[in-house]
Every structure is written in C-alpha cells, then in structure tokens.
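Coordinates in review
Okay, here's what each chain looks like letter by letter:
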Amino acid sequence: QVQLVQSGGGLAQPGGSLRLSCAASGDIIMVYTIDWYRQAPGKQRELVANFTENGSTNYADSVKGRFTISKDSPKNSAFLQMNDLKHEDTAVYYCKFLIATMLPPYEVTRWGQGTQVTISS
C-alpha cells in the first residue's frame, strides 16, 4: 500500500508566502512524476506545477516566478513554495505522485487529501 499525506497551507495575506508539503510512504521504489493541482470554488482542477519523469519542471503561467516546486527524493517528498500570493491563488491544493512499487500493480497513482489555501486581507 502507498499513502500520500499533505501538510501546510492555511491563511495568508496577499503578498505573503505559504509552503505545501506532500510525503509518500509504503511500498515505493521510486516516484516517477510529481504534480501539484489546485481547484478553486466553481472551477475545474488545474495543474499548477510538476516534475516530469526526466526531472524537468513546468509551471502554469499564472504562478510562474511566484511558485517553486521542489522534492526530496530519498524521503519521497515534494514541496510547493508559494510566494507573492494573490487572492486568485485561493483554492484547495492537491499533490499527485506516480509511483513505482515493488509489489503489483508495480505502478500506482496517488493523490494527497487536499489542503485549503486562502488568501485574504
């Protein structure tokens, strides 16, 4: 079994910063890809940032220059540092890992439980 647990988030003022964390545990050989999504009320879930399988990073245009995705591979963890936060960053944020496992099915996708980020003055 593989589990993904998120932490961080909460309330921040415009211009402030928050950091999200996501940690996987269980039957893990390696983490192939890491994605951070968010879903604002009444909107579709959108990809915010990710690590591809070759280690390159991508960011949504709306967060470029403000958000930074990072990872700690030995700890099967990922982070999303969010700076210069704006009202429109308010959403529930989710991490998603594509993981290689030792036991069948040998590859699984897991989502974090989601964490609320609210930007308000």
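Everything below is about the structure printed above this text.
**Some points on the overall build of the chain**
The number of helices and strands found in the chain is 0 helices and 11 strands. The globule rule puts the C-alpha radius of gyration for 121 residues at 14 Å, and the 14 Å found for the chain is close to it. Dimensions of the chain along its principal axes, counting C-alpha atoms only, are 50 × 25 × 25 Å. Residues classed as buried in the chain amount to 44% of the 121 residues present. Sequence separation of at least 24 residues holds for 56% of the intrachain contacts in the chain that already meet a minimum separation of 6. Carbon and sulfur atoms make up 49% of the accessible area of the chain, which totals about 6,400 Å². Between the mean site of the 11 positive side-chain charges and the mean site of the 10 negative ones, the chain shows a separation of 3 Å.

**Notes on the sheet that holds strand β7 (residues 67–72)**
As summarised here, the arrangement of the 4 strands in space is β1-β3-β8-β7, forming an open sheet in which the pairing is antiparallel. Edge positions in the sheet fall to β1 (2–8) and β7, since each has one partner strand and no second. Neighbouring strand axes in the sheet, compared pairwise and without regard to direction, differ in orientation by 15 degrees on average. Note: strand β3 (residues 18–26) against strand β8 (residues 77–82), 6 bridges, orientation antiparallel. Opposite Leu 20, over in β8, you have Leu 80 as the bridge partner.

**Side note on the packing of aromatic side chains**
This model, assessed by the stated rule, comprises 2 aromatic pairs. Summarising the aromatic geometry, the rings of Tyr 94 and Trp 111 are spaced 6.3 Å apart at their centres and angled 80 degrees between planes, so their arrangement reads as edge-to-face. Remark: Trp 111 occurs in strand β10 (residues 107–111) and Tyr 94 occurs in strand β9 (residues 91–100); sequence separation between them is 17 residues. You can call Tyr 94 buried: its relative accessible area is 17%. Positioned over the ring face of Trp 111 is Arg 45, at 4.8 Å from the centre of the ring. In this structure, Lys 71 is placed above the aromatic ring of Phe 51, and the distance from its NZ or CZ to the ring centre is 4.6 Å.

**Side note on the state of the cysteines**
A covalent bond between the sulfur atoms of two cysteines is referred to as a disulfide. With the rule as written, the count across this model stands at 1 disulfide. Across the disulfide, Cys 22 is cross-linked to Cys 95 (sulfur-sulfur distance 1.9 Å). Between Cys 22 and Cys 95, the disulfide has an S-S torsion of 60 degrees and is therefore right-handed. Here the residue Cys 22 occupies a position in strand β3, and Cys 95 occupies one in strand β9, the gap between them amounting to 73 residues. Residue Cys 95 is classed as buried on the basis of its relative accessible area of 0%.

**Some remarks on the side chain of Ser 21**
Here Ser 21 is to be found in strand β3. The class for Ser 21 is buried, based on a relative accessible area of 18%. Contact partners of Ser 21, with chain neighbours within four places excluded, come to Val 5, Gln 6, Ser 7, Trp 36, Ala 78 and Phe 79.

The rules we used
The numbers attached to residues start from 1 for each chain and follow its sequence in the written order. pLDDT decides what is reported in this predicted model: residues at 70 or higher carry local features, side-chain atom pairs at 80 or more are listed and counted, and totals for whole chains, interfaces and linings draw on all residues regardless. Heavy atoms from the whole structure form the basis of all side-chain values; hydrogens and water molecules are not counted. Strands are runs of DSSP state E lasting at least two residues, helices are runs of H or I lasting at least four, and both sets are numbered from the N terminus onward. Atoms counted for the radius of gyration: C-alpha only. Globule rule: 2.2 Å times the number of residues to the power 0.38. Throughout this description, buried means an accessible area under 20% of the type-specific maximum (1.4 Å probe, protein chains only), exposed means over 50%, and partly exposed covers the range between. We call two residues in contact when some of their heavy atoms are within 4.5 Å. Each accessible area is a Shrake-Rupley estimate made with a 1.4 Å probe; only the visible protein chains count as cover when residues are assessed. Just so you know, the count uses Lys and Arg for positive and Asp and Glu for negative, and it drops His and the chain ends. Charge placement uses NZ in Lys and CZ in Arg. For Asp and Glu, CG and CD serve respectively. A pair of strands is treated as paired once DSSP finds two or more bridges between them. For every element, the axis is a line fit to its C-alpha atoms; helices are fit only across the contacting stretch, and the angle between N-to-C directions ranges from 0 to 180 degrees. Only Phe, Tyr and Trp rings take part, Trp by its six-membered ring, and two of them pair if their centres are within 6.5 Å. Stacked means planes under 30 degrees apart, edge-to-face means over 60, and tilted covers everything else. Note on criteria: charge over ring means Lys NZ or Arg CZ within 6 Å of the ring centre, with the direction from the centre no more than 35 degrees off the ring normal. Here, the term disulfide refers to a pair of cysteine sulfur atoms separated by no more than 2.5 Å.

As far as function goes, none of this settles anything; it's purely spatial.
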